[in-house]
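These are the residues of each chain, in order.
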Amino acid sequence: DVKVTQSSRYLVKRTGEKVFLECVQDMDHENMFWYRQDPGLGLRLIYFSYDVKMKEKGDIPEGYSVSREKKERFSLILESASTNQTSMYLCASRLLDRAAFFGQGTRLTVV
Amino acid sequence: QKEVEQNSGPLSVPEGAIASLNCTYSDRGSQSFFWYRQYSGKSPELIMSIYSNGDKEDGRFTAQLNKASQYVSLLIRDSQPSDSATYLCAVIVGGGNKLTFGTGTQLKVEL
């Protein structure tokens, strides 16, 4: 079974802090994704990566950056957390042209 | 125009009925389509993948794809209360690696 693991299930951070969300997959998948999910807005793509050190902006990249130094790990960075970044963050990975599998999600609260 | 569109619902069906969920997409070059189910507070889980025109059946689920009309649907036969969830349609857009989701349709199966 594919396993996608996110580093934290719940996280509380202060406004202005630098926040790191980590995601690790164990199936040698090329593609990895970061989404945020908010009520009524569905899953919105922040960034994705199609290979090591390769990344592309999704639909809402502002205020975020990503890092993929190793194939199995994809990190989402909030450079200076703000209250409007309070959300559920979901990481996913997939093989080319196949379905994506999700981690358990990180519920981030910025106070 | 949104890349992937779904009615938000809720769609209410009685137990044992057929639930029909629909999704339209804007990128005519899209080749890969997925249906996910998401229970409240949980991550999305894959139900079906479909890549070619026509129907694909898996147990009580049937996915239908019509590329000419740019829609994909999911039929759930013999609906059960445990099917009550939000159903997300996802599409690989742009002929590349971007996996985009609709906002989801909430399904309620009533006793």
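## Structural notes on the side chain of R36 of chain A
Residue and element names in this part refer to chain A. With respect to the helices and strands, R36 occurs in strand β4 (residues 31-38). At 2.9 Å, the side chain of R36 forms a polar contact with the side chain of D38. Of note is the side chain of R36, whose polar atom sits 3.0 Å from the side chain of Y64. Once residues within four sequence positions are removed from consideration, R36 is found in contact with G42, L43, R44, I46, I60, Y64, N84, Q85, T86, S87, M88 and Y89.

## What about the packing of aromatic side chains?
What the rule picks out here adds up to 10 aromatic pairs over all chains. Considering the side-chain rings of F33 of chain A and F48 of chain A, the 5.9 Å spacing of their centres and the 20 degrees angle between planes classify their relative orientation as stacked. In this pair, F33 of chain A sits in strand β4 while F48 of chain A sits in strand β5 (residues 42-51), placing the two residues 15 residues apart along the sequence. By the burial criterion, F33 of chain A is buried, and F48 of chain A matches it. On the basis of an interplanar angle of 65 degrees and a centroid distance of 5.8 Å, the ring pair of F102 of chain A and F101 of chain B is categorised as edge-to-face. Linking F102 of chain A in strand β10 (residues 101-102) with F101 of chain B in strand β10 (residues 98-101), this pair reaches from one chain into another. Both residues of the pair, F102 of chain A and F101 of chain B, belong to the buried class.

## What to know about unusual backbone geometry
A cis amide bond, omega 10 degrees, links G9 of chain B with the succeeding residue P10 of chain B. Relative to the helices and strands, P10 of chain B resides in the loop between β1 (4-5) and β2 (11-14). Its identity as a non-glycine residue notwithstanding, D28 of chain A has a phi of 60 degrees, on the positive side. Backbone geometry places Q70 of chain B, a non-glycine residue, at a positive phi of 55 degrees. Within the secondary structure, Q70 of chain B sits in the loop between β7 (61-66) and β8 (71-76).

## Examining the interface of chain B and chain A
Listed by partner, the interface residues are 19 residues for chain B and 25 residues for chain A. Between chain B and chain A, a total of about 1600 Å² is buried, with carbon and sulfur atoms accounting for 54% of that surface. The largest contributions to the chain B side of the interface with chain A come from N97, K98 and L99 of chain B, which together make up 32% of the buried area. Taken together, chain B and chain A are joined by one salt bridge. One salt bridge in this structure joins K98 of chain B and D59 of chain A, with 2.8 Å as the shortest N-O distance. Contributions of two or more residues to the side of chain B that touches chain A are made by β4 (33-38), β5 (45-50), β9 (85-93) and β10 of chain B.

What counts as what
- Residues numbered from 1 in each chain as written.
- Chains lettered and ligands numbered in written order.
- Predicted model: local features only at pLDDT ≥ 70, side-chain atom pairs only at ≥ 80, totals over all residues.
- Heavy atoms only, no water.
- Helix = DSSP H or I, 4+ residues; strand = E, 2+ residues; numbered from the N terminus.
- Polar contact = N/O pair within 3.5 Å; in protein donor to acceptor, adjacent residues only side chain to side chain.
- Contact = heavy atoms within 4.5 Å.
- Phe/Tyr/Trp six-rings, centres within 6.5 Å; stacked < 30°, edge-to-face > 60°.
- Buried < 20%, exposed > 50% of the residue type's maximum accessible area, 1.4 Å probe, protein only.
- Buried area = accessible area lost by both parts, 1.4 Å probe.
- Salt bridge = Lys/Arg side-chain N within 4 Å of Asp/Glu carboxyl O.

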